[in-house]
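# Examination of the molecular architecture
In case you want the letters, here they are:
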2 protein chains.
Amino acid sequence: MSTAERLVESTRDLLWERGYIGTSPKAIQQRAGVGQGSMYHHFAGKPDLALAAINRTAQEMRAKAEEQFSASGDATERITAYLRREREVLKGCPIGRLTQDPDVMADPMLRAPVEETLAWLRDRLAEILAEGRERGELDAALDPQATAATVVAVLQGGYVLARAADSPAPFDQAITGVLGLLAAHTSTAPK
Amino acid sequence: MSTAERLVESTRDLLWERGYIGTSPKAIQQRAGVGQGSMYHHFAGKPDLALAAINRTAQEMRAKAEEQFSASGDATERITAYLRREREVLKGCPIGRLTQDPDVMADPMLRAPVEETLAWLRDRLAEILAEGRERGELDAALDPQATAATVVAVLQGGYVLARAADSPAPFDQAITGVLGLLAAHTSTAPK
DNA sequence: GTCTATAGACAGATAGAC
DNA sequence: GTCTATCTGTCTATAGAC
C-alpha cells in the first residue's frame with residue numbers, strides 16, 4: 001500500500017474511533033507509520049486528509065448497502081437482509097458519528113458526503129418500500145418516505161444504544177422491534 | 001446563580017455542542033464568566049466538571065420523559081406524546097451524543113449516567129408497552145422489550161438524520177414512520 | 001519524497017499572592 | 001474565593017536540508 005493510501009486508511013480508522021476533533025495529524029502519521037514531512041507532502045493538512053477519508057468511507061458504505069438493496073427478494077426480505085447484515089455494532093456508524101462533530105458539520109466540503117450518504121440511504125429504502133407497496137406486498141397505508149426514515153433512524157439509534165450499553169444487544173432488539181412492526185404491515189395475501 | 005452553578009451550566013452547553021474532547025477548561029471558564037483559579041477552586045478539573053454536568057443533564061432528561069410517561073392516556077397516546085414533544089432536534093440528544101466520545105466511554109464515572117439513562121428509557125417504555133398489551137390495547141404479538149429499543153433508537157437516530165440534513169424534517173418523518181407502524185399493532189377492538 | 005527543526009497557539013493543570 | 005504567573009505537553013502546521 002502506498003504512503004498516501006496508508007495515510008487515508010489511518011485517518012479513516014481514527015475518525016471512526018475518535019472523531020475529527022479527537023484526531024491529530026500526529027496520531028494519523030504514527031498509525032500509518034509515516035513521517036510528518038511525508039504527510040504534508042501528500043496532503044495539504046488535516047481537512048484535506050479527512051475529506052479523502054470521509055469520501056472513501058461514504059463510497060464504501062453505499063456500495064455495501066446496495067449489495068443488499070439490489071439482491072433478489074421482496075421488499076421485506078431485502079430490508080431485513082440489510083438490517084441483519086453483520087456490522088461492527090460497538091464501533092458505531094463511521095458516517096453517522098460525524099454528525100456529532102461540529103468542525104465537520106461547519107465545513108461544507110466535509111459535510112457534503114455525510115449529508116448525501118444518509119439522504120441516499122433514505123431515498124433508496126423509500127424506493128424499495130414504494131415498490132413493495134405497489135406490488136401489494138406491503139399495506140397501502142404505509143408511508144414509504146416516513147418508514148424509510150424510521151428504518152435508517154433505527155440503525156443509527158441502535159448504534160447509540162449499543163455503545164451506551166457496551167453491548168450489541170439493544171441494537172439487535174431495536175432491529176427485531178422494527179422488523180416486527182413492519183411485519184404487521186405486510187399483506188397476508190399471496191404474493 | 002452561583003459560580004459553581006454557572007460553571008456546570010457552561011459545561012453542559014459545551015458538552016452538548018462540542019462533546020468532551022472538544023470542550024476545554026478555558027472555554028468553560030469564558031462562557032461562565034469565571035476565572036481559572038475560581039474554576040479549579042470549585043472543581044478538581046475537567047472530568048469532575050463533566051461529571052457534574054452529565055449527571056444534571058441525565059437527571060433532567062429522565063424528569064422530562066417521566067412527564068409524558070406518567071401522564072394520563074393509553075400506551076400509544078403516552079408514547080406519541082413523548083415522541084412528539086418539542087425538542088431541540090438540530091442540537092441532538094445531549095446524552096446520546098456522549099456515546100461517541102471515547103474519553104467519556106472510557107471513564108466509568110462519566111459513562112455510568114449515560115448508560116443508565118438510556119437503559120432506564122428503554123425499561124420505562126417497555127413497561128408502558130407491556131401494560132398496553134395486557135390491557136388489550138396492543139397486539140399480543142408485540143414484543144415490549146424489542147419495541148421499546150426501537151422507539152428509543154428512532155429518537156436517537158432521528159437526531160442523527162436531522163443533523164446530517166441540517167433540518168428537523170427527517171427526524172419528524174422517522175417519528176411519523178414508527179408511529180404509523182405502531183398503529184398497525186393497535187387493537188381495533190373497543191378499549 | 002522523506003527527514004528534522006522550529007514555532008505560535010492552546011490544553012490542562014499547579015502555585016502562591018491577595 | 002479569586003487572580004495572575006508559570007509549566008509541560010500537544011496541536012497544526014511551515015521551512016529547509018537531504
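Calculation criteria
Residues numbered from 1 in each chain as written. Chains lettered and ligands numbered in written order. Predicted model: local features only at pLDDT ≥ 70, side-chain atom pairs only at ≥ 80, totals over all residues. Heavy atoms only, no water. Axes fitted to C-alpha atoms, helices over the stretch in contact; angles between N-to-C directions. Helix = DSSP H or I, 4+ residues; strand = E, 2+ residues; numbered from the N terminus. Parallel < 35°, antiparallel > 145°, perpendicular 65-115°, else oblique. Left-handed = near helix turned anticlockwise from the far one by under 90°. Contact = heavy atoms within 4.5 Å. Salt bridge = Lys/Arg side-chain N within 4 Å of Asp/Glu carboxyl O. Buried < 20%, exposed > 50% of the residue type's maximum accessible area, 1.4 Å probe, protein only. Least-squares fit on C-alpha atoms with pLDDT ≥ 70 in both. Buried area = accessible area lost by both parts, 1.4 Å probe. Polar contact = N/O pair within 3.5 Å; in protein donor to acceptor, adjacent residues only side chain to side chain. Core = buried A, V, L, I, M, F, W, Y, C linked by side-chain atoms within 4.5 Å. UniProt positions renumbered as here; feature names shortened; annotations may be inferred. Near = heavy atom within 4 Å. Arc of directions from axis to C-beta.

Turning our attention to the packing of helix H8 (residues 144-165) of chain A against helix H7 (residues 108-134) of chain B. As a packed pair, H8(A) and H7(B) sit with axes 8 Å apart at the nearest point and diverge in direction by 125°. In terms of axis orientation, H8(A) runs oblique to H7(B). Once H8(A) is placed against H7(B), the crossing between them reads as left-handed. Here A:Val160, A:Leu161, A:Arg163, A:Ala164 and A:Ala165 of H8(A) come into contact with H7(B), specifically with B:Arg111, B:Val114, B:Glu115, B:Leu118 and B:Arg122.

This part is about the pattern of salt bridges. Counted under the stated rule, the structure contains 22 salt bridges over all chains. The salt bridge partner of B:Arg18 is A:Asp103, with a shortest N-O separation of 3.6 Å. Taken as a pair, B:Arg18 in helix H1 (residues 3-18) and A:Asp103 in helix H6 (residues 102-106) lie in two separate chains rather than in one. For B:Arg18, a relative accessible area of 27% puts it in the partly exposed group. Residues B:Glu115 and B:Arg111 are paired through a salt bridge, measuring 3.2 Å at the closest nitrogen-oxygen approach.

Expressed as a screw transformation, the operator carrying chain B onto chain A has a rotation angle of 180° and an axial translation of 0.0 Å, and the superposed copies differ by an RMSD of 0.0 Å. Taken together, the turn and the small shift mark the pair as related by a two-fold rotation axis. Within chain B, the C-alpha atom positioned nearest to the axis of rotation is that of B:Gly157, 1.9 Å from it. The overlap is high: 100% of the interface residues of chain B also sit at the interface in chain A, so the same surface is used on both sides.

With that settled, consider the interface of chain B and chain A. Interface extent is often summarised as the accessible area lost during association of the parts. With 45 residues of chain B at the contact, the number on the chain A side is 45 residues. Taken as a group, B:Gln100, B:Arg163 and B:Leu181 account for 18% of the area that chain B buries against chain A, more than any other trio of residues on that side. Summed over the shared surface of chain B and chain A, the number is two salt bridges. Remark: the boundary between chain B and chain A carries 16 residue pairs in polar contact (both at pLDDT 80 or more). Counting residues per element, the ones that place at least two in the side of chain B that touches chain A are H1, helix H6 (102-106), H7, helix H8 (144-165) and helix H9 (169-183) of chain B. Tallying contributions element by element places H8(B) first for the side of chain B that touches chain A, with 16 residues.

Nonpolar side chains in soluble globular proteins tend to be buried together. Of all hydrophobic cores here, the largest spans 107 residues; its most connected members are A:Leu83, A:Leu121, B:Leu83 and B:Leu121. Among all residues touching A:Leu121, those that are not within four sequence positions of it are A:Met61, A:Ala65, A:Phe69, A:Tyr82 and A:Val152. Within the second largest apolar cluster, nine residues are counted, among which are A:Val8, A:Leu14, A:Ile28 and A:Phe43.

What follows concerns the side chain of A:Gln100. Tracing the chain through its elements places A:Gln100 in the loop between helix H5 (75-84) and H6. In this structure A:Gln100 comes out as buried when scored by relative accessible area, which is 10%. Setting aside its immediate chain neighbours within four residues, A:Gln100 contacts B:Arg97, B:Gln100, B:Val160 and B:Arg163.

Before going further, it helps to spend a moment on the UniProt feature "DNA-binding region" (unreviewed entry) in chain A. Per the UniProt record, the feature "DNA-binding region" (unreviewed entry) sits at residues 24-43 of chain A. From the first C-alpha to the last, residues 24-43 of chain A spans 14 Å; its make-up is 75% helix and 0% strand.

DNA strand D sits among 13 residues. The nearest are A:Pro25, A:Gln36, A:Tyr40, B:Ser38 and B:His42. Taking all atoms of DNA strand D within 4 Å of the protein, the share assigned to sugar and phosphate is 61%. Between B:Gly35 and DNA strand D, the recorded distance is 3.4 Å, taken from a backbone N or O atom to a phosphate oxygen. Interatomic distance of 2.9 Å between a side-chain N/O atom of B:His42 and a phosphate oxygen of DNA strand D.

All right, on to the environment of B:Ala141 then. Structurally, B:Ala141 is set in the loop between H7 and H8. Along the backbone, B:Ala141 and B:His185 are 44 residues apart, and their C-alpha atoms lie at a distance of 8.3 Å.

Residue and element names in this part refer to chain A. Within H5, the full set of buried residues consists of Ala75, Arg78, Ile79, Tyr82 and Leu83. Around the axis of H5, the buried residues are gathered within 130° of arc, so they sit on the same side. Buried residues belonging to H5 abut helix H4 (46-69), helix H7 (108-134), H8 and helix H9 (169-183). Sitting at the head of H5, Asp74 places a side-chain oxygen 3.3 Å from the backbone nitrogen of Thr76.

Here we take up the environment of B:Ile175. Residue and element names in this part refer to chain B. Tracing the backbone through its elements, the reader meets Ile175 in helix H9. Counting along the chain gives 97 residues from Ile175 to Arg78, while the straight-line C-alpha distance between them is 14 Å. Once residues lying within four places of it in the same chain are set aside, the contact partners of Ile175 are Leu83, Arg84, Val154 and Leu155.

This paragraph deals with the protein's contact with DNA strand C. Taken together, 13 residues are adjacent to DNA strand C, and A:Gly37, A:Ser38, A:His42, B:Pro25 and B:Gln36 come closest. Considering DNA strand C, the proportion of its atoms within 4 Å of the protein that are sugar or phosphate atoms stands at 61%. A distance of 3.3 Å separates a phosphate oxygen of DNA strand C from a polar atom in the side chain of A:Thr3. Going through the elements one at a time, helix H3 (36-42) of chain A together with helix H2 (25-32) and helix H3 (36-42) of chain B are the ones with two or more residues in the surface near DNA strand C. For the surface near DNA strand C, the leading source of residues is H3(A), giving four residues.

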